[in-house]
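Summary of the model geometry
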Amino acid sequence: MNYSIIIYIIGYVLQIEGLFLLLPCLTALCYRESSGFAFLFTAVLCFLLGKAATFRKPKNTVFYGREGFVTVSMCWIVLSIFGALPFLLNGDIPSVPDALFETVSGFTTTGSTILTDIESLSKCSLFWRSFTHWIGGMGVLVFVLAVLPIAGGGSQMYLMRAESPGPSVNKLVPRVKNTAMILYGIYIVITIIEIILLLIGGMPLFDALTSAFGTAGTGGFGIKNDSFASYSVFCQGVVSIFMILFGINFNIYYLLLCKKHKQAFQSDELRMYLAVILASTVFIAFNIRHLFPGFQALHHALFQVGSIITTTGFATQDFNTWPELSKMILIFLMFFGACAGSTGGGIKISRILILMKSIKKELFSIVHPRSVQKIRVDGQVIEHDVIRSVNVFMAAYLLIIMLSILIVSLENKDTVSTVTSVITTLNNIGPGLELVGPVGNFSSFTALSKFVFLFDMLAGRLEIFPLLILFMPDTWKK
C-alpha cells in the first residue's frame, strides 16, 4: 500500500474543497450574513491541512487498484467531514449526525434531508447544500485529474474507475487528464445552458443556480419546503428535460461532439433508458389522469419519472397520494437508476441490460445446450470479467439492502418507510414513501439509523466496492 500518495491526493482534495468553500463565503457577503465566517474558517483550515499534506511530493507516485479504491473512499469521507463543519459552526445544523447526514447526502447527490424547515437556513448554507451536489455529481477526483498532474504512469485511471458510476469506465482519449477535462467541460456547459433557460423562465438568479446544481448532480436538494412545486410550469419543464439529459452517459455527448451521431444513437443503453422513461411516463399519466386535468397529468408524470430514474429527487407533487400502480412504478425506477457514466445513481441501466441478456443467454443454453452464444451490448462482446463484476455487484447490493433494513427496522417504524428509506439512500434518490416521502424527511430516525444511511449513501455513490474494501484487513498491508 502506497500510503504517501494517498495522503498526498487527500491533501489536494482538501485544498480544492477549501477553494469551493469560498463560494458560500461570497454568497454570505452578498446577503450580508455573518454565518459566512463558518465557511471562511473551514476554507482556511482545509487550505492549511491540504498544504501540509502536499508539502513534499512522494518519490513513488505510481499506485494500483487497491490504492485507487482506498484513495477514492478516504477522499469522500474527508470531503464530507470538512463539508459538514460549517453547518455545525454557524448553528444551522447543530447536531453532528445530522450535519454529516446532510453533507453526505449532498456530496453523494442523494438529496435526502433531516431538515424540517429548509427555508430557515441562511443563504450561504442553502448555496453550499446545492453546490455539494454539483461537486459530487461528476466526482471531485475527476476534477482533480482534470487540473493537476498527481500520479505517474496509468495510475490515474484507477482513480477514475473507482469514482465513476457504472460497470466499466473507458478513456475517451488516450490521456486520462484529457478525458477528465472533456467530461468536466461537457458538465459545465450543460449546467450553464440550464441556468440560462431557468433565468429566461423568470427564476431568480440564486434559485436558478441552486436548482441547476441540484439537477446537474442529479441530487435534488431544493431551497424551498415544497421542493419544486411553487415554480412555473416552464421552469419545471426545463428541469424535467435536464434531469433526463444528465442521466445519459456522457460518452454519448462526446460522440455527438465528434459528429458520430449514428454510433451515439445506436447505444443499447440509451435506447433502453429513453424507452423506460417513455413507458413509465405514459402509464403513470394514465393512472393519475383523474387527479390532474388535461396536460397536467402528463407534465407531473414526466417530471417525477425523470426525477426518480435519474435519482435526482425533486418533486412537484406529493406522489405519496398517487394510486398504488404509480407508486410501484416509481419504486421500480428507484432500482433502475440512470445510465453508467452519468451523474445518476441506482443499479444503472447498463447493468440491468447485461443482467437481462445474461438471463436470455442462460435460457437459450438450456434449450440448446450445445450452442455458444455471446452477450453483446452496442455490437460489442461483453467480456466474462464484466459479467462477473455485475453479478458480484448485485449480490453485494442485495446483501447491503437486507442488512440495512434489518438494522433500521429496530426503530419499529412502518414497513414502507423502513424499506424505502434504505432503498432511497443506497440508490442516492432522496425521497422515499410515507415518512420519508416528498413532504417528509429523515429527522425522526435515531443516530444509529442515520449512520446506516450514511454508509448506504456513500456505498451507493461509490458503487459499493471502494467503500467495502476499507473493511478488509489485507487492504492495509504493505
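Right, let's walk through the structure included here. (Residues numbered from 1 in each chain as written. Predicted model: local features only at pLDDT ≥ 70, side-chain atom pairs only at ≥ 80, totals over all residues. Heavy atoms only, no water.)

This brings us to the overall build of the protein. When its secondary structure is counted, the protein shows 21 helices and two strands. Its C-alpha atoms give the protein a radius of gyration of 22 Å, near enough to 23 Å, the size a compact globule of 478 residues would have. Dimensions of the protein along its principal axes, counting C-alpha atoms only, are 65 × 55 × 50 Å. In the protein, which comprises 478 residues, the proportion classed as buried is 59%. Long-range contacts, defined here as pairs at least 24 residues apart, represent 73% of the contacts in the protein between residues at least 6 apart. The centroid of the 33 positive side-chain charges in the protein is displaced by 14 Å from the centroid of its 26 negative side-chain charges. (Helix = DSSP H or I, 4+ residues; strand = E, 2+ residues; numbered from the N terminus. Rg over C-alpha atoms; globule rule 2.2 N^0.38 Å. Buried < 20%, exposed > 50% of the residue type's maximum accessible area, 1.4 Å probe, protein only. Contact = heavy atoms within 4.5 Å. Lys, Arg positive; Asp, Glu negative; His and termini not counted. Charge placed at Lys NZ, Arg CZ, Asp CG, Glu CD.)

Okay, the pattern of salt bridges next. With the rule as written, the count across this model stands at eight salt bridges. For Arg271, the salt bridge is made with Asp268, and the minimal N-O distance between the two is 2.8 Å. Placement of both Arg271 and Asp268 in helix 14 (residues 268–287) is noted, with a separation of three residues, approximately one turn of the helix. Its relative accessible area of 47% is what places Arg271 among the partly exposed residues. (Salt bridge = Lys/Arg side-chain N within 4 Å of Asp/Glu carboxyl O.)

Quick look at the nonpolar core now. Counting residues in each nonpolar core, the largest one holds 134 residues, and the members touching the most others are Trp128 and Tyr273. With sequence-adjacent residues up to four places away left out, Trp128 is seen in contact with Glu17, Phe20, Leu21, Pro24, Phe39, Gly83, Phe87, Phe107 and Ile135. (Core = buried A, V, L, I, M, F, W, Y, C linked by side-chain atoms within 4.5 Å.)

It is worth spelling out helix 6 (residues 123–138) at this point. An α-helical turn contains 3.6 residues, so any two residues separated by three or four positions project in the same direction. In this model helix 6 runs 24 Å from its N-terminal to its C-terminal C-alpha over 16 residues, within 8% of the 22 Å that 1.5 Å per residue would give. Where helix 6 terminates, the next one or two residues include Gly139, which has phi positive at roughly 110 degrees. (Expected span 1.5 Å × (residues − 1).)

Let's shift gears to the state of the cysteines. For the structure shown, the criterion picks out zero disulfides. Unpaired in this structure, Cys30 has its nearest cysteine sulfur neighbour in Cys124, at a distance of 11 Å. Residue Cys30 is classed as exposed on the basis of its relative accessible area of 65%. With no disulfide of its own, Cys339 lies closest to Cys258 among cysteine sulfurs, the gap being 18 Å. (Disulfide = S-S within 2.5 Å.)

Enumeration according to the criterion identifies 29 aromatic pairs in this entry. Ring centres of Tyr8 and Tyr12 lie 5.2 Å apart, and the angle between their planes is 85 degrees; this geometry places the pair in the edge-to-face category. Taken together, the positions of Tyr8 and Tyr12, both in helix 1 (residues 3–20) and four residues apart, correspond to about one turn of that helix. Since its relative accessible area comes to 5%, Tyr8 is described here as buried. An aromatic cluster is built from Phe20, Phe127, Phe131, Trp134, Tyr184, Tyr187, Phe213, Phe246, Phe250 and Tyr253, whose rings are joined through pairwise contacts. For the cation-ring pair, Arg289 lies above Phe286, with the distance from its terminal atom to the ring centre recorded as 3.9 Å. For the cation-ring pair, Lys413 lies above Phe445, with the distance from its terminal atom to the ring centre recorded as 4.8 Å. (Phe/Tyr/Trp six-rings, centres within 6.5 Å; stacked < 30°, edge-to-face > 60°. Lys NZ or Arg CZ within 6 Å of the ring centre and 35° of its normal.)

Non-glycine residue Thr218 carries a positive phi angle of around 45 degrees. Relative to the assigned elements, Thr218 resides in the loop between helix 10 (205–216) and helix 11 (233–246). Classification of Thr218 as buried rests on a relative accessible area of 0%. Within the chain, Glu434 stands out as a residue other than glycine whose phi angle is a positive 60 degrees.

Our focus in this paragraph is the environment of Ala297. Residue placement: Ala297 occurs in helix 15 (residues 295–309). Residue classification places Ala297 among the buried residues on the basis of a relative accessible area of 3%. For Ala297, the contacting residues outside a window of four places in its chain are Ala285, Ile288, Arg289 and Phe292.

For helix 5 (residues 96–107), built from 12 residues, the straight-helix expectation of 16 Å at 1.5 Å per residue is met to within 8% by its first-to-last C-alpha distance of 16 Å. The element helix 5 is extensively covered by neighbouring structure, given that 10 of its 12 residues are classed as buried. Taken together, the buried positions of helix 5 are occupied by Asp98, Ala99, Leu100, Phe101, Glu102, Thr103, Val104, Ser105, Gly106 and Phe107. On its buried side, helix 5 packs onto helix 1, helix 4 (65–90), helix 6 and helix 20 (447–461). Count one or two residues on from helix 5 and you reach Thr109, which has phi positive near 60 degrees.

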